[in-house]
Amino acid sequence: MGSGGPPEQLVGALVAGPSLVSSVEWHERIDSTSRRAREAAEAGAAPGLLVLADEQTAGRGRRGRSWAAPPGTGLLLSLMLREPAGPNPGVLPLAVGVALAEAAAAHVGDAQVALKWPNDLLAARPGATWAKAAGVLVEAVGDAVVVGAGVNVDWRATERPPEAEQAVSLAEVAGRDVDRWRLLAAFCGVLTNRLADRRERPEKLLAAYCDRCATLGQAVAAELPGDRRLTGRAVSVADDGALVVDDGHARHLVHAADVVHVRPAGP
Ligand code: BTN
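The structure presented is a predicted model; accordingly, all values stated were derived computationally and were not measured. (Residues numbered from 1 in each chain as written. Predicted model: local features only at pLDDT ≥ 70, side-chain atom pairs only at ≥ 80, totals over all residues. Heavy atoms only, no water.)

Engineer: Just checking my understanding: could you explain the packing of aromatic side chains for this structure?
Structural biologist: As enumerated under the stated definition, the model contains one aromatic pair in all. Here W26 and W181 contribute two aromatic rings whose centre-to-centre distance is 5.8 Å and whose plane-to-plane angle is 80°, an arrangement assigned as edge-to-face. One end of the pair, W26, is in strand β1 (residues 23–27); the other, W181, is in helix α5 (residues 180–200), with 155 residues separating them in the sequence. By relative accessible area, which is 13% here, W26 ends up buried. (Phe/Tyr/Trp six-rings, centres within 6.5 Å; stacked < 30°, edge-to-face > 60°. Helix = DSSP H or I, 4+ residues; strand = E, 2+ residues; numbered from the N terminus. Buried < 20%, exposed > 50% of the residue type's maximum accessible area, 1.4 Å probe, protein only.)

Engineer: Would you mind showing me how to read the site of the ligand here?
Structural biologist: Taken together, 19 residues sit near the ligand, with S32, Q56, R60, R62 and K132 positioned nearest. Contacts to the ligand include R60, whose backbone N or O atom sits 2.7 Å from an oxygen atom. The separation between an oxygen atom of the ligand and a polar main-chain atom of R62 is 2.7 Å. Summarising the interface, the protein chains cover 99% of the accessible area of the ligand, which totals 420 Å² for the free molecule. Only α2 (33–42), β3 (74–81), β6 (131–141) and β7 (144–152) provide two or more residues apiece to the shell around the ligand. (Near = heavy atom within 4 Å. Polar contact = N/O pair within 3.5 Å; in protein donor to acceptor, adjacent residues only side chain to side chain. Areas by Shrake-Rupley, 256 points an atom, 1.4 Å probe, with all protein chains shown as cover.)

Engineer: Explanation requested: the pattern of salt bridges in the structure shown.
Structural biologist: Close approach of charged atoms lets side chains of opposite charge pair. With the rule as written, the count across this model stands at 25 salt bridges. The closest approach of N and O atoms between R160 and E172, which form a salt bridge, is 2.6 Å. With R160 in the loop between β7 and α4 (170–174) and E172 in helix α4, the pair connects residues that are 12 residues apart, well separated along the chain. When the shortest N-O distance is used, the salt bridge between D197 and R194 registers 2.9 Å. Residue D197 and its partner R194 are both found in helix α5; the two are separated by three residues, about one turn of the helix. Accessibility expressed as a relative area gives 4% for D197, which makes it buried. By relative accessible area, R194 is classed as buried at 11%. Three or more residues are tied together by salt bridges with common partners; here these are E25, D31, R35, R36 and E39. (Salt bridge = Lys/Arg side-chain N within 4 Å of Asp/Glu carboxyl O.)

Engineer: How do you make sense of the state of the cysteines when you look at a structure like this?
Structural biologist: By definition, a disulfide links the sulfur atoms of two cysteines through a covalent bond. Considering all chains together, one arrives at zero disulfides under this definition. Of all cysteine sulfurs, the one in C213 lies closest to C210, which takes part in no disulfide; the gap is 6.6 Å. Judged by relative accessible area, which is 27%, C210 ranks as partly exposed. You can call C213 buried: its relative accessible area is 6%. (Disulfide = S-S within 2.5 Å.)

Engineer: Explain the sheet that holds strand β12 (residues 258–261) here, please?
Structural biologist: An order of β11-β10-β9-β8-β12 is seen for the five strands of this open sheet, with the pairing classed as antiparallel. Every other strand in the sheet has two partners, leaving β11 (251–254) and β12 as the edge strands with one partner each. Each adjacent strand pair in this sheet contributes to an overall mean axis angle of 45°, direction not counted. Note: strand β10 (residues 243–246) against β11, four bridges, orientation antiparallel. Residue pairing across strands places V244 opposite L253, the latter belonging to β11. (Pairing = 2+ DSSP bridges. Axes fitted to C-alpha atoms, helices over the stretch in contact; angles between N-to-C directions.)

Quick look at the structure:
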């Protein structure tokens, strides 16, 4: 796989095993793993292509933002799937968040990770407030979907990018090394199961999501499309994945928004 890439044994196990991965591409440097996975989807590639990189020069975030991570310090991945959207496509990004949180929890401790709606991975040392440790970008490409994730694995010896000054890495929270390839293996395994839950047992998936979601019960501010702002308390997650926000007068369904926790909290 080339220097710094995933061990051959891991790649063999991912491709041969029951996970969704059918092939793996490793890039020491690429513009964006999600751009590359989209390109493959458009060219008719078989589902299950996993694109990994050590460094991205034009990493993409949600809502048109960029995603910056120092080279060699994270897990940067995009997995191309041909996953039916189903009646509630908004639940798929939640399933990815649950898989990421469960994989991270196995490495840093269950109580040290949570999700901010819809799928930012939060992590914190005991006594500290939550900070972002990973972001997820799920994009539809025709009948395919590209699941992109950027995880801050170890930023202990690295200057953080200016746009990620508040972010945290899993190794900082764990207080020891975290192996990004073991994290990847765990994520692929859990994602396979959580996507099956989405199709066959959506109530089980939503319950697991709500258990991990630090947004629930919080005072939140949601930046809605069209420069609108909603403030209130996040009370639940609807069957279609929307965040339910009570503003004191009515309950509102938030489908696409940046949500801020008004009073930062921790585990
Ligand atoms: C967010 O805004 O929180 C989502 C960030 C997603 C970043 C990942 S890094 C790997 C993949 N390739 C990209 O260009 N973006 C995603």
